[in-house]
Amino acid sequence: MDAVTLVAYLIAIAIPAFTIYLFIMLDVFGTGKTSTILLCVGWGALGAFGLAWTFNNFILDQGLGYNTLTRIGAPIIEEVLKSLILIYLVRQPRFRYIVDGAVYGIAVGIGFGLSENMLIYLPRSGEAVLGAAISRTLSTALMHAAASGLVGISLGRLRRITSQQKFVLPIIGIILAIALHVVYNNVVGELSGVMLLLVAIGIGVGGGVLIAWQINQGLQDEKARFAETLGLNVDVSTGERRAVQRLGGAAIEDIFGELGDTLGDSNISLVRRLLVTQANIGILQNNLSTPVSERLRTAWEEEIAELRAESEKIRKELGPRVNLFLQSVFPPGDTPMQQAFNEEMARFDPTLVHTFDMFMRSADLAETFTPDQLEAMAERLHQIEIFQNVTLANLENLCRAVEVQNFEGEHTLFNQGDQGDAMYLVEEGQVAIFSQDSETPLRTFESGAVVGEFALLDGQPRSARAQVQGTATLLRLQRQVFMMFIQSRPQVVLAMLQYLAEKARYTTLAVETSIAWMSRIEQGTYQTASPQPVVSETVPTPANKVATLELEELSAETVAMVSNVFSQAAATLQEREESLRAERKAS
Amino acid sequence: MSLNVGEQLQGSFIFRGVEPAAREALVAVMRREHFPQGAVLFHKDSVGDSVYLILSGEIRIYSVDELGREFTIRHYGANQIFGEFAMLDQKPRSASAAASQDSDVLVLHRDDFLNFLRERPLIGLSLMRNLVERVRYTTSYLQRVMDATQLLTQGKYDQAALNEIPGTATETEIQQLVDVFVQMVRSVQSREETLRRSS
């Protein structure tokens, strides 16, 4: 073998090998394993080729002319044999959808073309071995790959069809493959040199275009199916669609189940994160059309930018195959599809999607206040302890959900034992708090004060009755809406945790102080120095008033008050004991 | 080991009800640290930002009284958790902590916790629920103990002891409060009754 022949053979091996290498590196087959793709190449190169070789020789032995065999017989035999492995694979879990079909089919074709070139065409081409290597490898490999790719795709689409005529698809696939092969064999036989090369490549490229078109068709099918799952039928009205959605409710689960089948379960949590991120980008972009302050607008724009960066990161992790699928099935430009998907997503996973913002939009609440009013209200909320760690932009957004309530004359805001379903901000007038049946208010809230903010966090029954006194304007924030707001905003949840941790600290401190005092009283050692947290400042509690602990007002003063209650108790008990002792002495 | 540790997180009220998978993930962001006997974990008044889960050994929580004498507040042993509040509110530590034996500890830093929260917002809501419950629960017990102590000062021992204070509580902190209260009522009562009888 001379150097030129050696180079020719190397080219014939290198081009297919490089193509397969690219498949593996780009992870275009995604759900399958490298071993599956190599299995396909192997089947094409050894199994299918070997059988075809035997078959073709047998037919030649039966007296059929070589020409007839090449033009008609061989394409049929070869395409059917190549398809066998695809028919086997389509029943396997690693064959998930059309792109898998295309990749596996192309791999089989490349394998077959490789053997054909190495064992038939190159040995035959004599002096022209180098030219043959180039034109043949490119063109035959392309033709074989395209033909089997078509079969793979038709099988891939088959997986998604349940109707009676489902077997029409693979038959069309094989007929297309055979047709491509026949045309190629008949045309190539007549040509030589540059013309041969050009035409051969043209056929190969044509096959490629066919494959791309078929994949696109398949992805459109997928999209249509997801749209249907989401209730996006064109001939159904919006109202009907919503009704169906409410009844069904499992749309997203269905979609994720199928996406898991298609893209692989390992990818699905990333895909979910990506789709949530995109849903939130869409929701925030909708927000931007609402008139708001510069601060809130900037905050939204910044969040959009952050989410974009995050979705880019996830896309990189997902790789090109999954991205191709997602972009075709959930195109960013398809607004109704996006919207329906966001709604489903929000119902399915409300802790991640900005449900609050969607609600504001659909409830037409978004524009109750002017941007200036919202800004002022946010500033006021910021003064309240519970909101002190929440950013002004977030508070401004939250304020969009505030309702204004006007009252004339006395009105019971809530009774003791009512579900704590809202927080009130006194804008004007007074709110008085009464215990059970008492007619004397425990306390009165003036304008600027806030009533019942703990209800936002736990919704427990009210511990007292609240009554609006005379003409008043209150701002009301519902617990349900507040929870909706914080669910998808971990930084606000953290601010709430911080607020609560501070409160919990004070209760712990108050408990420790109580324990220290009670131990001393128990032992009768009233005067011993305290080893427990020392509270310097004591607030005297009026003797006739019962010391009451208010959740909202837990603070260092509470600890002082508790300490005070016990020190007064200790003093009273000590006095009583001493007078008893004195009596005993006297007697 | 990790499965075990995940369950131990349940030992703290704050992580109660957090689903096992999330607990595992939380344990995964915790860092393991070794403290030889006598080593200080943190000083009183230093800014706190982490929660500790003891794997083995013993940690002593201590402070200094008015006369400058060190006194022990309590000990934490294997499987116990402390420092939850500091991680959340970054307030100065109310006492110091040192290893009273060679100890292995898992430390959860605030920053790691924040990153974790971003990925799993549901955990934040569980934690919130736990904290709210704790604050409400503790406050209501404390209120009852205070009211009952008022009754005690009026000499109504039996009423004080029965003043709607359940004998058992789910929190050790509260249980201790209730126990000390009951002991106090009993010993004041017996002391005063003895004095009355002999007079």
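Residues numbered from 1 in each chain as written. Chains lettered and ligands numbered in written order. Predicted model: local features only at pLDDT ≥ 70, side-chain atom pairs only at ≥ 80, totals over all residues.

Student: How would you summarise the overall build of chain B if you had to cite specific residues and measurements?
Tutor: Scanning chain B from N- to C-terminus turns up 7 helices and 8 strands. For chain B, whose C-alpha radius of gyration is 21 Å, the value lies well above the compact-globule estimate of 16 Å for 199 residues. Taking the principal axes of its C-alpha atoms as reference, chain B extends roughly 65 × 40 × 30 Å. When burial is assessed residue by residue, chain B has 31% of its 199 residues classed as buried. Contacts spanning at least 24 positions in sequence make up 69% of the contacts within chain B whose residues lie at least 6 apart. (Helix = DSSP H or I, 4+ residues; strand = E, 2+ residues; numbered from the N terminus. Rg over C-alpha atoms; globule rule 2.2 N^0.38 Å. Buried ≥ 20, exposed ≤ 12 C-beta atoms within 10 Å, placed from the backbone. Contact = placed C-beta atoms within 7 Å.)

Student: Report on the overall build of chain A, specifying residues and quantitative values.
Tutor: Helix and strand counts for chain A come out as 19 helices and 6 strands. Across the 587 residues of chain A, 40% fall into the buried class. When contacts within chain A are restricted to residue pairs at least 6 apart in sequence, those whose partners lie at least 24 apart make up 75%.

Student: Outline the interface of chain A and chain B, listing residues and values.
Tutor: Where interface size is given, it is often the accessible area lost as the parts come together that is meant. Counting residues at the interface gives 48 residues for chain A and 45 residues for chain B. Ranked by the residues each element gives to the side of chain A that touches chain B, the list is headed by helix 18 (residues 490–523) of chain A, at 22 residues. Classifying every residue of the side of chain A that touches chain B gives 26 nonpolar, 12 polar and 10 charged. (Nonpolar A, V, L, I, M, F, W, Y, C, P; charged D, E, K, R; others polar.)

Student: Any details on the sheet that holds strand 5 (residues 70–77) of chain B? Residues and values, ideally.
Tutor: Residues and elements named next belong to chain B. What the 4 strands build is an open sheet, ordered 2-7-4-5; its pairing is antiparallel. Edge positions in the open sheet fall to strand 2 (40–42) and strand 5, since each of these has one partner strand only. Pairwise comparison of adjacent strand axes, ignoring direction, gives a mean angle of 30° for this sheet. With 7 bridges connecting them, strand 4 (residues 58–64) and strand 5 associate as antiparallel partners. (Pairing = 2+ DSSP bridges. Axes fitted to C-alpha atoms, helices over the stretch in contact; angles between N-to-C directions.)

Student: I'd like a rundown of the confidence of the model for chain B, residues and numbers included.
Tutor: Note: predicted coordinates in regions of low pLDDT should not be interpreted at a detailed level. For chain B, the mean per-residue pLDDT works out to 84, and 93% of the residues sit at or above 70. Predicted complex, confidence summary: ipTM 0.87, pTM 0.71. (pLDDT = per-residue confidence, 0-100.)

Student: Let's hear about the sheet that holds strand 6 (residues 81–82) of chain B: which residues, and what values?
Tutor: Residues and elements named next belong to chain B. Strand order in the open sheet formed by 4 strands is 1-8-3-6, with antiparallel pairing between adjacent strands. On the outer flanks of this sheet lie strand 1 (31–35) and strand 6, each paired with one strand and no other. Bridging between strand 3 (residues 50–56) and strand 8 (residues 103–109) involves 6 bridges; their strand directions are antiparallel. Looking at the pairing, Ser50 lines up with His109 of strand 8. Contacts from helix 4 (residues 110–119) reach strand 3 and strand 8, with the element oriented near 55° to strand 8.

Student: How would you explain the confidence of the model for chain A if you had to name every residue and give the values?
Tutor: All names here are of chain A. Averaged over all residues, the pLDDT of chain A equals 80, while 86% of them reach at least 70. Helix 8 (residues 238–248) is the least confidently modelled element of chain A, averaging 42 in pLDDT, while helix 15 (residues 392–399) averages 94, the highest of any element. Under a pLDDT of 50 for its full length, residues 233–249 has, in the predicted model, 7 contacts with residues more than four places off or in other chains. For the stretch residues 529–539, pLDDT sits under 50, and the model shows 22 contacts to residues farther than four places along the chain or on other chains.

Student: Explain the packing of helix 14 (residues 371–383) of chain A against helix 15 of chain A to me, using residue names and the numbers behind them.
Tutor: All names here are of chain A. Packing of helix 14 against helix 15 leaves a shortest axis separation of 8 Å and a crossing angle of 115°. Helix-helix and strand crossings are classified by hand; for helix 14 and helix 15 the assignment is right-handed. Residues Leu374, Glu375, Met377, Ala378, Leu381 and His382 of helix 14 form the contact with helix 15, whose participating residues are Leu392, Leu395, Glu396 and Cys399. Among the residues forming the contact of helix 14 with helix 15, the class breakdown is 7 nonpolar, 1 polar and 2 charged. (Left-handed = near helix turned anticlockwise from the far one by under 90°.)

Student: I'd like a rundown of the pairing of strand 4 of chain B, residues and numbers included.
Tutor: Residues and elements named next belong to chain B. In textbook terms, the turn of a hairpin is the stretch between consecutive antiparallel strands, and for strand 4 and strand 5 this stretch comprises 5 residues, one of which, Gly68, has a positive phi near 80°. Relative to strand 7 (residues 96–99), strand 4 is paired through 4 bridges, and the arrangement is antiparallel. Looking at the pairing, Tyr62 lines up with Ser96 of strand 7.

Student: Break down unusual backbone geometry for me, with residues and values.
Tutor: All names here are of chain B. A positive phi angle is found at Asp45, which is not glycine, with a value near 75°. Residue placement: Asp45 occurs in the loop between strand 2 and strand 3. Exposure remark for Asp45: the 11 C-beta atoms within 10 Å place this residue in the exposed category. Positive phi, normally seen in glycine, also occurs at Gln90, with a value near 55°. With respect to the helices and strands, Gln90 occurs in the loop between helix 3 (84–89) and strand 7.

Student: Run through the environment of Gln460 of chain A, naming residues and quoting values.
Tutor: Residue and element names in this part refer to chain A. Residue placement: Gln460 occurs in the loop between helix 16 (454–458) and strand 6 (465–478). Note on Gln460: 14 C-beta atoms within 10 Å, which makes it partly exposed. When the C-alpha positions of Gln460 and Ile134 are compared, they lie 80 Å apart, and in sequence the two are 326 residues distant.

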